[in-house]
Amino acid sequence: MNTKNESILVMDFGGQYTQLIARRVRECNVYCEIRSYKITAEQIREGGYKGIIFTGGPNSAYDENGPKCDPALFDLGIPVLGICYGAQLMAQTLGGKVISIEENREYGKTEVEFNTSSLMFHSAQEKSICWMSHTDRIEEVPHGFKITAISKDCPVAAMEDITRNFFAVQFHPEVQHTVEGMLYLRNFLYNACGCTADWKMDSFVEETISSLKEKIGDKKVLCALSGGVDSSVAALLVHKAVGKQLTCIFVDHGLLRKDEGDQVESIFRKQFDMNLIRVNAKDRFLGKLAGVSDPESKRKIIGEEFIRVFEEESKKLGKIEYLCQGTIYPDVVESGAGESAVIKSHHNVGGLPEDVGFEGIIEPLRDLFKDEVRKAGLELGIPEFLVYRQPFPGPGLAIRIMGDITEDKLEILKDADAIMREEFAANGLDKTTGQYFAVLTGIKSVGVMGDGRTYDNTIALRAVTTGDFMTADWARVPYDVLEKISNRIINEVKNVNRVVYDITSKPPATIEWE
Ligand code: XMP
């Protein structure tokens, strides 16, 4: 594809920021791929990469057993940038010296002084804050290299060999704390590698549609649409390519947020004129879930039932050659040294069966990060509220109702949750909060309303800020917003007499309550 003419290879040495590095490169409008450090020089040559970035990693470059790169890659004439461990590995491999500095290890925001006549720090400030995290450092640079940055405890904070186009930085340009990190990266990508920043979403969308047209021909495609951003964008790309040859099945298990099922149906059927089958399976799911309290059993039941409904519906449609899935790049890349691109099955509700008899799988978003999927979604005309929708778990409200699920409980939770979402949007908190929702806690408590004693349900409000959903902090929601939500829930939702706010971070708690 044209947009991938220029590709950067991100070689993964097991660093925690591998995916972040790749995202930053993409933000510079340059396509990149993450591969294991085990990739050979020959494979790199065949890949036609315009540049290579070595990531950080937990090992020591002088450790015999630590991950090493194929040294022949330095003879390919391709520019290389080493970051942290990657910098040390470059130094060690090319004849420099790396030592341990247990005593004076650098961690956190550190002032670094730059030689701004170097290529990588061209136009940068002479002194700037960078993010350091290392217990080893480069003590001697290899032959041909010049030191281009220093810090108090790091005599080689950066080095470059401009003749061979090799660059190394001890700090992490990819993290936000490195104030001018993006400038350094752009200097490497544009000035050293000669990339022209042609990775753009409009051309991605255009080219994906035309290659899907070619691949699918006159065959049929089936897609499970959940209303989440990934499956929506994937389905729409296929729809733009082959129109009514695509059929989408939307299994509405009745555990979606208030009015969500109708919204999904209206957007895809009315706005995009898609071939959409909505299966209203609420009674079926609630029947299976009756009396079940254990969270994992609920998940399992919903996952299995989802597959069953999907299979039944797809059988009714006769022969369909392709299955379209919303797999995105982070699902495809298994980060961590020693593993190259391991394919994970795409889980949402329970994962779709692999043996439904399709000739092939279509995954138009396999190369994209989440923020790129969103850009593609906007490009395709999907409404903003759907594109920026917060993540919603496959088992839906079932894991936000503690204990067993009944229709009454579902109604209470849907109403309370809708109020919370309305108020978050009205106060602009929907854009800054990673995830926010109401939970029906299963706790009943005593209250007083009017002159009477009540004994009723407790709603918990949960809101977290998070980048990756692996860790999360409870959101510091302004008291007046909490007050408004609480008042509205008590006044507008029957059978609730108490509202509490969850002030636990993850860890130790999880984001969801079940
Ligand atoms: P936790 O609760 O583990 O959630 O901190 C992390 C993220 O995962 C979502 N989540 C799920 N998503 N099926 C899903 O599709 C599930 O069973 C499930 N459980 C949690 C959760 O909403 C949050 O975004």
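Conventions used here
- Residues numbered from 1 in each chain as written.
- Predicted model: local features only at pLDDT ≥ 70, side-chain atom pairs only at ≥ 80, totals over all residues.
- Heavy atoms only, no water.
- Domains from an automatic or database assignment.
- Contact = heavy atoms within 4.5 Å.
- Buried area = accessible area lost by both parts, 1.4 Å probe.
- Salt bridge = Lys/Arg side-chain N within 4 Å of Asp/Glu carboxyl O.
- Polar contact = N/O pair within 3.5 Å; in protein donor to acceptor, adjacent residues only side chain to side chain.
- Helix = DSSP H or I, 4+ residues; strand = E, 2+ residues; numbered from the N terminus.
- Expected span 1.5 Å × (residues − 1).
- Buried < 20%, exposed > 50% of the residue type's maximum accessible area, 1.4 Å probe, protein only.
- pLDDT = per-residue confidence, 0-100.
- Axes fitted to C-alpha atoms, helices over the stretch in contact; angles between N-to-C directions.
- Left-handed = near helix turned anticlockwise from the far one by under 90°.
- Nonpolar A, V, L, I, M, F, W, Y, C, P; charged D, E, K, R; others polar.
- Near = heavy atom within 4 Å.
- Areas by Shrake-Rupley, 256 points an atom, 1.4 Å probe, with all protein chains shown as cover.
- Pairing = 2+ DSSP bridges.
- Phe/Tyr/Trp six-rings, centres within 6.5 Å; stacked < 30°, edge-to-face > 60°.
- Lys NZ or Arg CZ within 6 Å of the ring centre and 35° of its normal.

A. Broad picture of the domain arrangement of the chain. Under the domain assignment, the chain is made up of domain 1 (3-192), domain 2 (201-387) and domain 3 (407-501). Between the C-alpha centres of domain 1 and domain 2 there is a distance of 38 Å. Counting from both sides, the interface comprises 18 residues of domain 1 and, opposite them, 17 residues of domain 2. Summed over both sides, the interface of domain 1 with domain 2 buries roughly 1400 Å², with 49% coming from carbon and sulfur. The interface formed by domain 1 and domain 2 holds two salt bridges in total. A salt bridge links Arg23 to Asp371; its shortest N-O distance comes to 3.8 Å. Taken together, the connections running from domain 1 to domain 2 amount to four residue pairs in polar contact (both at pLDDT 80 or more). Elements with a minimum of two residues in the side of domain 1 that touches domain 2: α1 (18-27) and β2 (31-36).

B. Quick peek at helix α5 (residues 201-216). Between the first and last C-alpha of α5 there are 22 Å, a value that for 16 residues agrees with the 22 Å anticipated at 1.5 Å per step. Among the residues of α5, those classed as buried are Met201, Ser203, Phe204, Val205, Glu207, Thr208, Ile209, Leu212 and Ile216. Looking at the packing, one finds that the buried side of α5 touches β12 (221-224), α6 (229-242), β15 (322-324), β16 (360-362) and α11 (370-379). Of the residues trailing α5, Gly217 is marked for its positive phi of about 60°.

C. Representation of the confidence of the model for the chain in the model. Per-residue confidence for the chain gives a mean pLDDT of 92, with 95% of residues at or over 70. With pLDDT under 50 throughout, residues 335-350 is counted as low confidence; its partners more than four residues away or in other chains account for 38 contacts.

D. Geometry of the packing of α5 against α6. Where α5 contacts α6, the two axes come as close as 8 Å, and the packing angle between them is 60°. Where α5 crosses over α6, the handedness of that crossing is right-handed. Mapping the contact onto sequence places Phe204, Val205, Thr208, Ile209, Leu212, Lys213 and Ile216 in α5 and Leu237, Val238, Lys240, Ala241 and Val242 in α6. For the contact of α5 with α6, a count of residues per class yields nine nonpolar, one polar and two charged.

E. Local environment of the site of the ligand. The environment of the ligand is formed by twelve residues, the closest being Arg299, Gln435, Lys506, Ile511 and Glu512. Side-chain polar atom of Gln435 to an oxygen atom of the ligand: 2.8 Å apart, as the coordinates give it. Within the backbone of Ile511, one N or O atom sits 2.7 Å away from an oxygen atom of the ligand. When the ligand is considered free in solution it has 490 Å² of accessible area, and contact with the protein chains removes 75% of it. Of the residues belonging to the shell around the ligand, the class tally is five nonpolar, four polar and three charged.

F. Region of the structure containing helix α4 (residues 181-192). Along its twelve residues, α4 runs 16 Å from first to last C-alpha, staying within 8% of the 16 Å computed at 1.5 Å per residue. Those residues of α4 lying buried are Gly181, Leu183, Tyr184, Leu185, Asn187, Phe188, Leu189 and Ala192. One or two steps after α4, the chain reaches Gly194, where phi turns positive at roughly 75°.

G. Structural detail: the sheet that holds strand β3 (residues 51-54). The sheet built from nine strands is open, its strands ordered β2-β1-β3-β4-β11-β10-β9-β6-β7 with mixed pairing. The sheet is open, and its two edges are formed by β2 and β7 (127-134), each paired on a single side. Adjacent strand axes in the sheet meet at a mean angle of 25°, parallel and antiparallel pairs treated alike. When β3 meets strand β4 (residues 80-83), the two strands line up parallel, connected through three bridges. Looking across to β4, one finds that Ile53 is bridged to Leu81. Its contacts with the sheet place α1 against β1 (7-12), β2, β3 and β4, and it is angled at close to 160° to β2.

H. Structural context of the packing of aromatic side chains. Going through the model one piece at a time under the given rule, you end up with 19 aromatic pairs. A centroid spacing of 5.5 Å and a plane angle of 70° characterise the contact between Tyr107 and Trp131, whose relative ring orientation is edge-to-face. One end of the pair, Tyr107, is in strand β6 (residues 106-114); the other, Trp131, is in strand β7, and 24 residues separate them in sequence. When the ring of Trp199 is compared with that of Phe204, the centres are 5.8 Å apart and the planes differ by 70°; the resulting orientation is edge-to-face. Here Trp199 and Phe204 have matching classes, each one buried. Pairwise contacts between aromatic rings join Phe13, Tyr37, Phe54, Phe74, Tyr85 and Phe166 into one cluster. The positively charged end of Arg26 is found above the aromatic ring belonging to Tyr329, 5.3 Å away from the centroid.

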